[in-house]
Amino acid sequence: MSPEFSITTRELPGLHIVALHGELDIVSAYGLALALVEVAGSTVVVDLSGLTFMDSSGISALVMARNRIVADGRGQLVLARPGAIVRRALEIVGLSAWIVEWSPDWDE
């Protein structure tokens, strides 16, 4: 993963919060789908608030992870708190339905 990108994970009852930070591009997307599938087993909430950029390879990694989690019966993957640029990218490719409202219960 590129030095400009990082992932942090927190476990809460019934879900995992996976926060993405930095630029999600072809370099950093490598391994993201696997990392998201690894924490599945309930709901995986991907916190996009720390992303400054996301390209098609990042979107592809999210789609691959969600498809694998659902197909394996290991829960669900949803997206939360995208910034304007990331939200627009998700809307363009038809993934805005994956975006959920952030719950105060998910705050640290």
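Just so you know, these numbers come straight off a predicted model, no measurement behind them. (Residues numbered from 1 in each chain as written. Predicted model: local features only at pLDDT ≥ 70, side-chain atom pairs only at ≥ 80, totals over all residues. Heavy atoms only, no water.)

**Some remarks on the packing of aromatic side chains**
A complete count under the given rule lists one aromatic pair for this structure. The ring of W98 has R66 lying over it, and the distance from NZ or CZ to the ring centre is 4.2 Å. It is R81 that lies over the ring of W102; its NZ or CZ is 3.7 Å from the centre. (Phe/Tyr/Trp six-rings, centres within 6.5 Å; stacked < 30°, edge-to-face > 60°. Lys NZ or Arg CZ within 6 Å of the ring centre and 35° of its normal.)

**Topic: the environment of I26**
With respect to the secondary-structure elements, I26 resides in helix α1 (residues 26-29). A residue is classified by how much of its surface remains accessible, and I26, at 65% relative accessible area, is exposed. Sequence separation between I26 and I59 is 33 residues, and the spatial gap between their C-alpha atoms is 10.0 Å. (Helix = DSSP H or I, 4+ residues; strand = E, 2+ residues; numbered from the N terminus. Buried < 20%, exposed > 50% of the residue type's maximum accessible area, 1.4 Å probe, protein only.)

**Brief notes about the sheet that holds strand β4 (residues 76-80)**
Strands sit in the order β1-β2-β3-β4-β5 across an open sheet of five strands; the sheet is mixed. The sheet is open, and its two borders are formed by β1 (5-12) and β5 (99-100), each paired with just one other strand. Most of the contacts of helix α3 (residues 56-71) go to β4, to which it runs at about 145°, and overall it touches β2 (15-24), β3 (43-54) and β4. (Pairing = 2+ DSSP bridges. Contact = heavy atoms within 4.5 Å. Axes fitted to C-alpha atoms, helices over the stretch in contact; angles between N-to-C directions.)

**Structural notes on helix α4 (residues 84-92)**
Restricting attention to buried positions, one finds in α4 the residues V86, A89 and L90. When α4 is viewed along its axis, its buried side chains cluster within an angular range of 95° and face the same direction. Across α4 from its buried face, at more than 90 degrees, point the exposed residues A84, I85 and I92. In this structure, the buried residues of α4 make contact with β3, α3, β4 and β5. Positive backbone phi, at 80°, marks G94, one or two positions downstream of α4. (Arc of directions from axis to C-beta.)

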